[in-house]
Amino acid sequence: MNDILKKLIFLVLIFSSIFTNAISEEKIKIGILIPITGDDKKVGQLIIKATRMAIKDINSSKLEIYPKDTNSNPTQTLKSALELKNMGINIIIGPVFYKNLIHLNDLKDITFLSLTNKTINLPKNIISSGINATSQVNTIKKFLELEKIEKAIFLTPNVDYEVEIKKAIKESKVKVSKHYTYETDHTKLTNKLETITN
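In this text the structure is predicted, and so the values were computed from the model without any measurement.

Draft legend 1. Molecular detail of the side chain of Ser80. By secondary structure assignment, the location of Ser80 is in helix α3 (residues 74-86). Note on Ser80: relative accessible area 1%, which makes it buried. Ser80 has contacts with Leu33, Lys68 and Asp69, leaving out every residue within four places of it along the chain.

Now the structure itself:
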């Protein structure tokens, strides 16, 4: 997590130096949209800790971090993003979850470096920085090629991002001998595996 946030903060620095005078003594304000309250607050706490470690590693007195709560709620996410915008912040790390992106297209002058791993139907002002299906399938493809494995079976969970996984498999042109979709309920998964292996 620390490495991912460090890379995101470097991206923010690059964006900021493009839009402001790099020699300026102005502080670079970075907004962070994370769940500080609610069911996912532990995720937010981890991100805060990782951000502090990344800032310490970067060792720049020009950075100022402004965390705001999303409560893993799209309406609260928009409210917090507006607060950051009113503070003059136009580059924001977050939000974490895809469901919180739905209202952020209204803030076209802000760039969001979201930690989501979903890439389909993202608003134009959101950059997905999570590990997505495309990168995972490409890694699997490299492994198959490296190990000279010619027959691969893909098992795709029947979840809300199934379409994204199938698209990634198709675009990667990985050689798939069989492709199955399975239910995430462990008993149904066991039944599916038994069907495949018999």
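Draft legend 2. Main features of the pairing of strand β1 (residues 28-34). With six of seven residues buried, β1 lies mostly within the body of the structure. Two strands pair when backbone bridges link them, and β1 and strand β2 (residues 63-69) are joined in this way by seven bridges, in the parallel orientation. Residue pairing in the sheet places Ile32 in a bridge with Pro67 of β2. With helix α2 (residues 41-58) bridging β1 and the parallel β2, this β-α-β connection has right-handed handedness. With two bridges connecting them, β1 and strand β3 (residues 91-93) associate as parallel partners. Looking across to β3, one finds that Gly31 is bridged to Ile92.

Reading the values: rules and limits
- Residues numbered from 1 in each chain as written.
- Predicted model: local features only at pLDDT ≥ 70, side-chain atom pairs only at ≥ 80, totals over all residues.
- Heavy atoms only, no water.
- Helix = DSSP H or I, 4+ residues; strand = E, 2+ residues; numbered from the N terminus.
- Buried < 20%, exposed > 50% of the residue type's maximum accessible area, 1.4 Å probe, protein only.
- Contact = heavy atoms within 4.5 Å.
- Pairing = 2+ DSSP bridges.
- Right-handed = clockwise from strand over helix to strand, strands pointing away.

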